[in-house]
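Survey of secondary and tertiary structure
Listed below, chain by chain, are the residues.
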Amino acid sequence: MIIVKVGGSVFSDKKGKPENFRRDVVARIAREISEFYPEKNFIIVHGGGSFGHPYARRYSIRDGIPDDWKTARFRMVGFSETHQAMLRANSAFIREFLQRGLPAFSVSTSSVFMTENGDVAYGDLEIIKRLVELRFIPVLFGDVSLDLAKGIDILSGDQIITYLAKMLEPEKVIFLMDVDGVYDGDPGEGNLIQALGRDEIESLLSKLTCSGGDVTGGICNKLREAKKIAKHSEVWFVNGLVPGRLSGAIRGDGFGTRIVP
Ligand code: ATP
Ligand code: IP8
């Protein structure tokens, strides 16, 4: 089984207009996957990109449900608005897969996971496991979540993958981003790291600027999760905007960053 995270920076321009969607990029990702399907099983998880992130920020979803009812109600409306935006992104994804004969099937994250402290606290994987057994391609997504401590929160696709990796022990996890892989400094300053030791991740994090960015913590969150995922699976970071890089990572001779356990 191969889990592919299609980053929001790949299927959309995160600095562009809300809900912009790169149909051609997703169509090409679907084509690359179809070269390996059905010999290999896939689970796709996509991020929030220009869909979920603007709503999550506008409604401060990560602050949870407060005691004050007026604010609570406003945020609960925002919770549902954010989810609807993610359903629109997911539906655009599924359309591209179906058009290429890939049996992608939407699994609504907020209906199968609950969170606490930004992580999955409860997950029901029975539906996902059965879908994979039948050779469907489940398509999950970063989403809003019901939260055991603060009522509501955001669950990043990166945290979903950590949970899936722990429970399903996939052969490989591939993160698609809009850059060639992980750099040893901030974008434009560092060099690409082609082989990154799992035990080197903490010292790399101390060199990167981890504040600011999107509501789920950008590259720093991804690296922290990759460290956990690498205990269960091979992990790759490759450029999803360059044709052939996903196929390379699937074959195992790709160009990008590989986490070395
Ligand atoms: P989403 O969370 O919407 O799914 P994503 O998964 O594509 O988005 P981001 O969370 O935006 O990814 O993180 C990827 C971004 O991190 C890249 O666009 C890149 O410019 C930025 N970045 C910052 N520092 C680094 C670094 N050292 N190495 C690689 N990318 C970095
Ligand atoms: O982009 C965030 O998921 P991510 C999902 O995978 C929302 O971190 C709703 C912002």
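Residues numbered from 1 in each chain as written. Chains lettered and ligands numbered in written order. Predicted model: local features only at pLDDT ≥ 70, side-chain atom pairs only at ≥ 80, totals over all residues. Heavy atoms only, no water.

A closer look at the site of ligand 1
Taken together, the neighbourhood of ligand 1 is formed by 21 residues, with Gly8, Ser9, Lys14, Asp178 and Lys222 sitting nearest. Within the contact set of ligand 1, an oxygen atom lies 2.5 Å away from a side-chain nitrogen or oxygen of aspartate 178. Between ligand 1 and glycine 185, the relevant distance is 2.9 Å, taken from a nitrogen atom to a main-chain nitrogen or oxygen of the residue. Contact with the protein chains hides 88% of the accessible area of ligand 1, taken as 640 Å² for the molecule alone. Those elements giving two or more residues to the shell around ligand 1 turn out to be helix H1 (8-11), helix H3 (49-58) and helix H9 (218-229). The leading source of residues in the shell around ligand 1 is H9, at 3 residues. Counted by class, the shell around ligand 1 contains 6 nonpolar, 10 polar and 5 charged residues. (Near = heavy atom within 4 Å. Polar contact = N/O pair within 3.5 Å; in protein donor to acceptor, adjacent residues only side chain to side chain. Areas by Shrake-Rupley, 256 points an atom, 1.4 Å probe, with all protein chains shown as cover. Helix = DSSP H or I, 4+ residues; strand = E, 2+ residues; numbered from the N terminus. Nonpolar A, V, L, I, M, F, W, Y, C, P; charged D, E, K, R; others polar.)

Quick notes on the site of ligand 2
In the neighbourhood of ligand 2, 13 residues make up the surrounding shell, with Gly48, His53, Ser156, Gly157 and Thr216 lying closest. Between an oxygen atom of ligand 2 and a main-chain N or O atom of glycine 48, the distance comes to 2.8 Å. Glycine 157 places a polar main-chain atom, nitrogen or oxygen, 2.8 Å from an oxygen atom of ligand 2. Burial of ligand 2 by the protein chains amounts to 97% of its free accessible area of 330 Å².

Observations regarding the sheet that holds strand S5 (residues 119-123)
Read from one edge of the open sheet, 4 strands run S5-S4-S7-S8, paired in mixed fashion. A strand with exactly one partner marks an edge of an open sheet, and here the two such strands are S5 and strand S8 (151-155). Across the sheet, the mean angle separating the axes of adjacent strands is 50 degrees when strand polarity is ignored. With 5 bridges joining them, strand S7 (residues 143-147) and S8 adopt antiparallel strand pairing. Opposite aspartate 147, over in S8, you have glycine 151 as the bridge partner. (Pairing = 2+ DSSP bridges. Axes fitted to C-alpha atoms, helices over the stretch in contact; angles between N-to-C directions.)

Honestly, it's all geometry; don't read function into it.
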